[in-house]
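The primary structure of each chain is shown beneath.
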Amino acid sequence: MVQFPSDFLWGVACASYQCEGAWDADGKGPNIWDDFCHVTGGGRVKNDDNGDVACDVYHRWPEDIALMKAHNIRAYRFSVSWARVIPDGDGAVNEAGLAFYEKLVDALLEAGIEPLVTLYHWDLPSALQYKGGWLNRDIVPAFARYARIVAERLGDRVKCYMTINEPQCITALGYGLGDHAPGWKLPGEDLARIYHILALAHSEAMRQIKAVCGPAVRVGIVPCGRLCYPAEDTPENREAAYRATYDLSLPRWEFTQNIIMDSLVLRRYDDTAPECVRRFAATIPAADWDAMEKPDFIGINVYHGMCVDAEGKPAGGYAGFPLTACKWPVTPEVMHYGPMNTYRRYGIPVYISENGLSCNDVIFLDGRVHDPKRIDFLHRYLTELAKAVAEGTPVLGYLQWSFLDNFEWNSGYDERFGIIYVDYPTLRRIPKDSAAWYAKVIETNGACLND
Ligand code: PNW
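Everything in this summary refers to the structure shown in the same document. (Residues numbered from 1 in each chain as written. Predicted model: local features only at pLDDT ≥ 70, side-chain atom pairs only at ≥ 80, totals over all residues. Heavy atoms only, no water.)

### As for the site of the ligand
Right, on to step 1. Neighbouring the ligand are 15 residues; Gln18, His121, Glu166, Glu354 and Glu408 lie closest to it.
Right, on to step 2. One of the side-chain nitrogen or oxygen atoms of Glu166 is found 2.8 Å away from an oxygen atom of the ligand.
Right, on to step 3. Contact distances for the ligand include 2.8 Å between an oxygen atom and a side-chain N or O atom of Glu354.
Right, on to step 4. Bound to the protein, the ligand loses 89% of the 460 Å² it would expose on its own.
Right, on to step 5. Taking a 2 Å distance to the grid points as the criterion, the majority of the atoms of the ligand fall inside the largest pocket. (Near = heavy atom within 4 Å. Polar contact = N/O pair within 3.5 Å; in protein donor to acceptor, adjacent residues only side chain to side chain. Areas by Shrake-Rupley, 256 points an atom, 1.4 Å probe, with all protein chains shown as cover. 1 Å grid on protein atoms, 1.4 Å probe; cavity = no way out; pocket = protein on both sides within 12 Å on 5 of 7 lines; lining within 4 Å. Sits in = over half its atoms within 2 Å of the grid points.)

Given below as structure tokens:
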């Protein structure tokens, strides 16, 4: 029986660079994604796509908010573009940038939609990248100041902030593999340093927001990384899935939830940490650990998980396993065990801050966009989420990624995650079948998932 708490928050999510466009409008400064995309012909971004126009939400937000309202959306998680607010990252404030987000927040509240504000969703002002970006500790006071400026402007209306989206993607994709901006390829010890700086930046920003808004404001962070689920639902296999989720000695330690969350909540790395992390950790002064700020909630972005057997070894794949358009496996069970294990380790309530399916949607002959795969995907994942809730995990809400189709980073516009189709040549919005379906889920607080 699928059942959600009566105050469960249903919404959608997006990020500034992926949907706003208006990349140089009204005093906005350049950011690392502008730079990354503008190096064309380098094969960095599929089709040499960029976010210059994207969905043009910067100009079309009134239409988008009306569409949200028409689909019962109760919460909108969006990110603030740092370079729109402070063009060079730590200098003069751009009033037009702040005014844009203020208008957006007011219109959302007017429509009965709760704004959830992410401060950093990957679009670092270029001027800060020239100083070393997240590798340079001077970014901590710059980020804290930016957080304070946003909180001072929106704090009387915004009750929930997420400091940093996916430190794992920032670090592993941006500074490790180089697939994302800024496109660097650094060794493990530097990546460990970046994680530590991100943890300090979250902590200092959280203190600033609380200082401005008071203790009642809720501040969280949004990690991602490998989430494991058991091949069979036995106590031994559940335990193995928990251990494999948080085992830093497995391949890709830099893509785990605990690489940042342990710092913030437990104030240490555990003894599964690899050599390069331990080498860096030995240089961390005690004052840094004392400065770590435990978030009020954890936002988890859940797309796919890793199935493990009772020994914690990968299991469960087979020929023809279901995949999304971007070739991620469809593994609904991760939505049951991922939030449960996150809560077990950290004891902090969670939001599902992102979940969705990429599909190469098209406009059908009848002029509509039919996306049964997305409906099936969301239905399966939400059914599993209800199991985590039933087993006592405090899940505060669920934010579908994404409302509109948008710029999917280095995959460009080919990947469509929206429940609203965007016809990029005209920027026309067309609700997909999943939009009406999701509106019904929200209206019935998930009860229609039982039908
Ligand atoms: C998230 N993975 O990134 C981001 O927060 C969004 O900006 C993005 O559009 C969305 O997911 C869809 O990709 C992720 O490999 C990147 O598991 C990679 C993974 C998960 C999330």
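From this point, the narrative continues.
### A few points about unusual backbone geometry
Right, on to step 1. In the segment running from Ala181 into Pro182, the intervening peptide bond is cis, with an omega of 5 degrees.
Right, on to step 2. Structurally, Pro182 is set in the loop between helix 8 (167-177) and helix 9 (188-213).
Right, on to step 3. Each neighbour pair has its own omega, and for Trp401 with Ser402 the value is 10 degrees, a cis peptide bond.
Right, on to step 4. Position of Ser402 relative to the elements: it lies in the loop between strand 10 (395-401) and strand 11 (420-423).
Right, on to step 5. Positive phi is not limited to glycine here, since Asp26 has a value of about 50 degrees.
Right, on to step 6. Here Asp26 shows up in the loop between helix 1 (16-19) and helix 2 (32-38).
Right, on to step 7. Despite not being glycine, Trp122 shows a phi value in the positive range, around 85 degrees.
Right, on to step 8. Looking at where Trp122 falls in the secondary structure, it is placed in the loop between strand 3 (114-120) and helix 6 (126-130).
Right, on to step 9. The exposure class assigned to Trp122 is buried, which follows from its relative accessible area of 7%. (Helix = DSSP H or I, 4+ residues; strand = E, 2+ residues; numbered from the N terminus. Buried < 20%, exposed > 50% of the residue type's maximum accessible area, 1.4 Å probe, protein only.)

### Considering the pairing of strand 7 (residues 297-301)
Right, on to step 1. Most of strand 7 is tucked away, with 5 of its 5 residues classed as buried.
Right, on to step 2. Because side chains alternate across strand 7, one face comprises the buried residues Phe297, Gly299 and Asn301, and the other comprises Ile298 and Ile300, equally buried.
Right, on to step 3. The sheet contact formed by strand 5 (residues 218-222) and strand 7 spans 2 bridges and is parallel. Bridging from a neighbouring strand, Ile221 pairs with Ile298 of strand 7.
Right, on to step 4. Taken together, the 4 bridges between strand 7 and strand 9 (residues 350-354) define a ladder with parallel strand orientation. Bridging across to strand 9, Ile298 finds its partner in Val350. (Pairing = 2+ DSSP bridges.)

### Concerning the packing of helix 10 (residues 235-245) against helix 14 (residues 334-346)
Two quantities define a packed helix pair, namely the angle between the helix axes and the distance between the axes.
Right, on to step 1. At a closest axis distance of 10 Å, the pairing of helix 10 and helix 14 adopts a crossing angle of 70 degrees. Compared by their axis directions, helix 10 and helix 14 come out roughly perpendicular. Each of Arg238, Glu239, Ala241, Tyr242 and Thr245 in helix 10 lies in contact with helix 14, whose residues at this interface are His336, Tyr337, Met340, Asn341, Arg344 and Arg345.
Right, on to step 2. For the contact of helix 10 with helix 14, the per-class residue count stands at 4 nonpolar, 3 polar and 4 charged. (Axes fitted to C-alpha atoms, helices over the stretch in contact; angles between N-to-C directions. Parallel < 35°, antiparallel > 145°, perpendicular 65-115°, else oblique. Contact = heavy atoms within 4.5 Å. Nonpolar A, V, L, I, M, F, W, Y, C, P; charged D, E, K, R; others polar.)

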